[in-house]
Amino acid sequence: MQNLREAMKTLDYGVAPESTAQVSEWLEAHGRVFGHFIDGEFINGTKRTQFETRNPASGEVLAKISQADKKIVNIAVAAAGRAQAKWASLPGFQRGRYLYAIARLIQKHSRLFAVLESLDNGKPIRESRTGDIPLVIRHFYHHAGWAQLLESEFSDYEAIGVAGQIIPWNFPLLMLAWKIAPALACGNTVVLKPAEYTSLTALLFAEICQQAKLPQGVVNIITGDGASGALLSGHPDIQKVAFTGSTVVGRRIREQTAGSGKKLTLELGGKSPFIVFDDADMDSAIEGLVDAIWFNQGQVCCAGSRLLVQEGIADQFHTRLRSRMDKLRVGDPLDKSVDLGAIVDPVQHEQIDRLVTEGVAQGASIYQATGQLPDKCPVGSFYPPTLLTGVESSDMVAQEEIFGPVLVSMTYRTPAEAVALANNVRYGLAASIWTENINLALDIAPKVHAGVVWINCTNQFDAATGFGGVKESGYGREGGREGLFEYLKLRFEANLKTANPATGTRLAVKADPSDDIDKTPKFYVGGKQVRPDSGYSRAVSDHKGQLAGFVGEGNRKDIRNAVEAARKASSWTSATAHSRAQVLYYLAENMSARQAELAGLLQKINGYSRKRAQTECQLSIQRLFYYAAWADKYDGDVHAAPIRGVTIAMKEASGIIGIACPEEQPLLGIISLLAPAIVMGNRVVMVTPSSNPLLASVLYQILDTSDVPGGVVNLIQGDRNTLSKTLADHYEVDHIWYFGDQEGSTMVEAASAASLKRTWVNYGKVRNWADNEQGQGQSFLRQSTEIKNIWVPYGE
Amino acid sequence: MDASLIMVADKTNERNAGMDFNPDWLAKVQINRSAIERRAGSLGDRRSIKKHWQVAWLLQAISCIDLTTLAGDDTPGRVRRLCNKAMNPVRREILSSLDLEDLELSTGAVCVYHGMLETANQILARSRGQNARPVGLAAVSAGFPAGLNALPLRIAEIDASVAAGATEIDIVISRRHALSGNWRALYDEVRSFREASGEAHLKTILATGELGTLRNVAKASIVCMMAGADFIKTSTGKESVNATLAVSLVMVRCIRSYFEDTGYRIGFKPAGGISTAKDALNWLVLMKEELGVEWMQPELFRFGASSLLGDIERQLEHAATGIYSASYRNPMG
């Protein structure tokens, strides 16, 4: 009892290890060797393809798992393909029952999952038990409900097909749930590849699928490293790729899948700001940081890794923060009193260490918690909570994602400066804002570039609330109604046909003597008519091949100028929805006054009959009215997240949208894209159709007289694919809509990989813009907006 | 407490002298209820104390109990039993099984109404020789539990209790001052109680269940410390909401803040509704995490409780024997 006397003196926590007996039993039952789960059965890989998966805290080998090669990927995708139609045709109630059964079964085995997760990943058992696993269960329950409601709530939509899903090692089972639950609810089947460090809970999940009697092939799990992942994302028979992981790999997947028609969601890296104002509850903000950056060893894509603290309180804040850090306990992940467990792999540890060393070399002051790291641990298992102060935004550690328990801190003077610093990174995943002033909090939240904003809280997640980022943090949302669209497609899309080879501008033979050949159509940039930078013009012929005039030949500098003008027109984005609607109505009114002229151009250049030309004008005017009507009605939601508070899903303008207009139905095409984009507050740079280059010159006169502020709409004429390339490359352009040929669609998607901007392309398929199902609707508004979820807990 | 936190001279062994009323400090108080509740709610998940460490912590908890009876039907007989339990809180056989026969364990104090002081004092006098640390004698005072008697009467009550041998005075604050934002009046009142207490230690009961907001709890905590309180205490045990971890978190963070600014260490006493060994461990975790081991000692931490000791004693028997205990096996207090 010497130990007891010692404990009475020190009042230490001692140790409180969670038992691993049941997990060992489960591993032993499998002989500690696992194959892939395909078509409802486990298929063993060959010995040659096996590799070891380890407990990162001890280095001990837990099991051998298998590397999926081309053959395995093929049979997994084929199995999913065979199962898909039948799965999608089940009544929603039936699909819901399966998801409900999965949720119940995970709940029944929750401790087994939690312990296995902590063993394989190194995260504290407290986190897997009270965080990961309950969220997993909640996700399946929530989506069991969506499966049932799908038919009535998404009647215009259908499943995409087979989804290839690739998930990271930081939240293995949770990311699996985020991927599989919505995919299945929507009638897709899946092939999922967990990360090579952490595949075990996915394999246990495969057993749950068997127990739930899920039809064969609906869920397939293959294991392996990035090479297996690349085989999956590149497979021709999947229609959807969902990836969570690093920005580097996300970019590669974007390039790989460019032009394939695969729907893509990417949830990538982050360098999320944690903004503390001087009127915050300081101690609570410090505790928030513990949940932000010392959660899961900081290996969290949305970790609040950049502390921005108001200058006047910075010293006191840092002092208290260091003191809090000293209380953090780093150690055995299976110990119930541990705050930080093991880094997932020595490779990651080395990376963290390298970045921190470099940060210090660049001048940062380092503080590492005084708490003991566990002794007798293998090298590279544990990393202490670390604070870097004296960091400037120009320092590497202020810009690069460290993905470890490392916080960098900077100071600011004013709310505006806080926003500027918050947005001064390539990423845009999440943000935390700490202040007791609701005016300030709700002012800052919309200004921060992020998909998720937490006010006076951090790292809150829920199945009913979308999660995902902007900028280089990727696109798409997971969770909630917004997340379902990522696994659905509009029914009519399946029937769209590929366009005939582009007709473009025919070479003019001779001038039509009756026409106003001396008219000078220009570009429209920043509310002004401007000449092309190139000084070249191209001839425009009418439908008979006769010269109808000349239009400028746009080049990359014209695009640059147009984007610059759009950037400056940001006040349009903050205008009220009501005033934007008024502008659209006015635009419609003025177009109505000029419709004879527009119809004349359609007749002359495109050879339309008078009636057809008039119809296109009429529909264009109607479309302006349609989106003016939507302006103040396509608004946000308040999600039912399980907090005392509100979670506001705010629909925000994407920003600057580059639009390559379709050649067919040129006027209606322009208006069908311009109207939803600007009514939601975006500014656009449009490459107008070369099938009728003269329309633009009438349009900009209408824009000029309709109170559309300069820079909101910019019109450039020229070679569509050349100009679209410049738009797709441009970092300032947030989103690109491309309606042209397959080649251009491929080019746009590939080029977008650098900036990771959203893309919406047609793969050369032609819509009937006159058909209201195809030519208008909420899907256009969804393309015009980003959903930002703002968590606002309340209570005095 | 981490040395880096100390911004002024540490006055570890000095009694809080208080300070002038400082309204600026109150104006700066910010409390975010949701964040406080989140932290308070996760404390129990973050720390788990098992095996012999748990035994050590539970024994420590006993030494921090103000064993309390505050009922209208208290009699000298009832109080004698309570005091004897306070001096012998754990059955001898249990301590023997734990190899701790030599442990001189007692509760921190007993806590009674003024009318019971004489009886209690007679019994506890024995502890001054018997127990390593004499059992304190706390009297609730100043018009407990409503605190609405005339101020001279409340002060006179303190004087009388000190004269009757109380070493600790637990007073209630005037909630009306807090609820109407009259912090100066609260300060003056507590100052006068502190003066009346003399050598006896002053515990100020905020009756947090009646203060409406956590912000008021924080402000009242700071005002009491400014006015010279030795302890701040959550509840009388008579409000409909007693001690909660959230309220306690707010109060201990105020203690930390006062320590940072003045160097004085103020004690904390949660009271009311704390009845299980698991509760006791949670509160001790709170003290260790937010303030440090020094604040887990009876000099700076007390539980106001009546039934807590019984549950702890059962848990100790289980720890000693491996067999679940029953309440009748241990002498009642």
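Residues numbered from 1 in each chain as written. Chains lettered and ligands numbered in written order. Predicted model: local features only at pLDDT ≥ 70, side-chain atom pairs only at ≥ 80, totals over all residues.

**So, the overall build of chain B**
The test is simple: The numbering of helices and of strands both runs from the N terminus, where a helix is a DSSP run of H or I of at least 4 residues and a strand a run of E of at least 2. Between the two quantities, the radius of gyration covers C-alpha atoms and the globule rule is 2.2 Å times the number of residues to the power 0.38. Exposure classes come from backbone-placed C-beta atoms, where a residue is buried if 20 or more other C-beta atoms lie within 10 Å of its own, exposed if 12 or fewer do, and partly exposed in between. Distance between backbone-placed C-beta atoms decides contact: two residues are in contact if it is within 7 Å.
A tally of helices and strands in chain B yields 14 helices and eight strands. Expected size for 333 residues packed as a compact globule is a radius of gyration near 20 Å; at 19 Å, chain B falls within 12% of this value. In terms of principal-axis extent, the alpha carbons of chain B reach across some 55 × 45 × 40 Å. The buried share among the 333 residues of chain B stands at 56%. In chain B, once contacts between residues fewer than 6 apart in sequence are set aside, the share between residues at least 24 apart is 80%.

**Here we look at the overall build of chain A**
A tally of regular secondary structure across chain A gives 28 helices and 35 strands. A globule of 796 residues ought to have a C-alpha radius of gyration of about 28 Å, and chain A, at 28 Å, matches this closely. Once the C-alpha set of chain A is aligned to its principal axes, its extents read approximately 110 × 60 × 45 Å. Residue burial in chain A is summarised as follows: out of 796 residues, 58% are buried. Across chain A, the fraction of contacts at a sequence separation of at least 24, relative to all contacts at a separation of at least 6, is 75%.

**Side note on the sheet that holds strand 3 (residues 136–141) of chain B**
Residues and elements named next belong to chain B. The condition is simple: Two strands make a pair as long as DSSP finds a minimum of two bridges between them. Orientation is described by axes fitted as lines to C-alpha atoms, over the contacting stretch for helices, and by angles from 0 to 180 degrees between their N-to-C directions.
Spatial strand order, 7-6-5-4-3-2-1-8: eight strands in an open sheet with parallel pairing. Each edge of the open sheet is held by one strand with a lone partner, namely strand 7 (267–269) and strand 8 (303–305). Averaged over all pairs of adjacent strands, the angle between their axes in this sheet comes to 25°, without regard to strand direction. Sheet analysis places strand 2 (residues 109–112) next to strand 3, joined by four bridges and oriented parallel. Paired with C111 across the bridge in strand 3 is A138.

**Examining the domain arrangement of chain A**
Accessible area lost upon the coming together of the parts serves often as the stated size of an interface. Residue and element names in this part refer to chain A. Here is the rule we go by: Where a domain begins and ends is set by an automatic assignment or by a domain database. Asp, Glu, Lys and Arg are counted as charged, while Ala, Val, Leu, Ile, Met, Phe, Trp, Tyr, Cys and Pro are counted as nonpolar; the rest, among them Gly, fall into the polar class.
On domain assignment, one finds that chain A holds domain 1 (35–267 + 483–490), domain 2 (272–472) and domain 3 (554–634 + 653–785). For domain 1 versus domain 3, the separation of C-alpha centres amounts to 38 Å. Across the boundary between the two partners, domain 1 contributes ten residues, which contact eleven residues of domain 3. Of the residues forming the side of domain 1 that touches domain 3, the biggest block, four residues, is contributed by helix 10 (residues 247–257). Residue classes in the side of domain 1 that touches domain 3 are distributed as four nonpolar, three polar and three charged.

**Looking at the nonpolar core**
What counts, and what does not: Residues of type Ala, Val, Leu, Ile, Met, Phe, Trp, Tyr and Cys that are buried and joined through C-beta atoms within 7 Å form what is called a nonpolar core.
Judged by nonpolar contacts, the single largest core of 364 residues is most densely connected at A:I275, B:V110 and B:A280. Here the element with the most residues in this core is helix 7 (residues 172–185) of chain A; it accounts for eleven residues. Once residues within four sequence positions are removed from consideration, B:V110 is found in contact with B:D66, B:L67, B:L82, B:C83, B:A86, B:A120, B:L124, B:V135, B:L137 and B:A138.

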